[in-house]
Amino acid sequence: MTPVHLGRWLRRAGSLAICLILWQMASSLKLNLGIVTFENVPLPLDVVSAALDFLRSPKFFAHISSSLERVLAGYGIAAVIGIGLGLVIGRSRWLGDFVQAPLELLRPIPAVAWIPLAVLMFSSSELSMIFITFTGALFPILLNTVHGVENFDPRLIASARSLGSTRTAMLLEVIIPGAAPNIVTGLVIGMGTSWFCLVTAEMISGQFGIGYYTWESYTLQNYPEIIVGMILIGLFGMGSSALLRAAGAALLPWHAKDSK
């Protein structure tokens, strides 16, 4: 590890340590700022104890696996449809004009607003939660793919045509590699929004999952468990996004080198 990378990791660890110290001080002193109060916020050690109890719980695997399965299903479908449709829309101005109005109408609708309709549309709550995860991941992937294709350097396309490139070769060897950095960005953003949407759905209609665990802890007034659920959501979201970034850097070494 180079000194530059070591310094970055030390700064990140230091920022987390400062947050923990401030949390400990505010909770132990039961700080009350009027608008914000820490009187009912548990101490970090209480959260650690609750996390260890959750790890030993027989429901731990069921909660984690349920959330992971829903995210992978909804996100995977969104990635396939978002990238495929984004490539088509980016290459066709007519189709882009045709679908722009519906996409712009649906894009701002939050995940919680989709829940009643999803319950009516699908025969099981499991499918409805996967659908909500799908809607959260679709639009970042789709829009970033469209942006990458539309802003692709037209001189490269003209050069490929002058060399006799076919439509298929143009798509696979020129357009997709050129738009890949934007596609990876959309995939990373979409992963974060899929976790956000999934947890929202699990809080309302789930029986297992990290979101359900967090909401159940709130209804039972188990405050340390609430923070355990929040931390798990953050860790899984951060970890999955980091894996996508690493995969993108490995698949696009030229872009990773240029961005440094």
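Our subject is the structure that appears above.
A brief structural summary. (Residues numbered from 1 in each chain as written. Predicted model: local features only at pLDDT ≥ 70, side-chain atom pairs only at ≥ 80, totals over all residues. Heavy atoms only, no water.)

Within the element layout of this structure, His63 appears in helix H3 (residues 60-91). Residues within four places of His63 in sequence aside, it is in contact with Phe54, Phe208, Gly209, Ile210, Tyr212 and Tyr213. (Helix = DSSP H or I, 4+ residues; strand = E, 2+ residues; numbered from the N terminus. Contact = heavy atoms within 4.5 Å.)

Let us now look at unusual backbone geometry. Phi at Lys30 takes a positive value of approximately 50°, unusual for a residue other than glycine. Mapping Lys30 onto the fold places it in the loop between helix H1 (3-28) and helix H2 (44-56). Classification of Lys30 by relative accessible area gives partly exposed; the value is 49%. Although it is not a glycine, Gln221 sits at a positive phi angle of roughly 60°. If you trace the backbone, Gln221 turns up in the loop between helix H9 (210-219) and helix H10 (223-251). (Buried < 20%, exposed > 50% of the residue type's maximum accessible area, 1.4 Å probe, protein only.)

Let us now look at the pattern of salt bridges. Should their charged atoms come close, side chains of opposite charge can pair. Enumeration according to the criterion identifies 4 salt bridges in this entry. The partner of Asp53 in a salt bridge is Arg56, and the shortest N-O contact between them spans 2.8 Å. With Asp53 and Arg56 both in helix H2, this residue pair falls 3 residues apart, about one helical turn. Taking relative accessible area as the criterion, Arg56 reaches 61% and is therefore assigned exposed. Two residues, Arg107 and Glu104, come together in a salt bridge whose shortest N-O distance is 2.9 Å. Overall, Arg107 belongs to the partly exposed group, its relative accessible area being 39%. By relative accessible area, which is 37% here, Glu104 ends up partly exposed. Because the salt bridges share partners, they merge into one network encompassing Arg70, Glu126 and Glu202. (Salt bridge = Lys/Arg side-chain N within 4 Å of Asp/Glu carboxyl O.)

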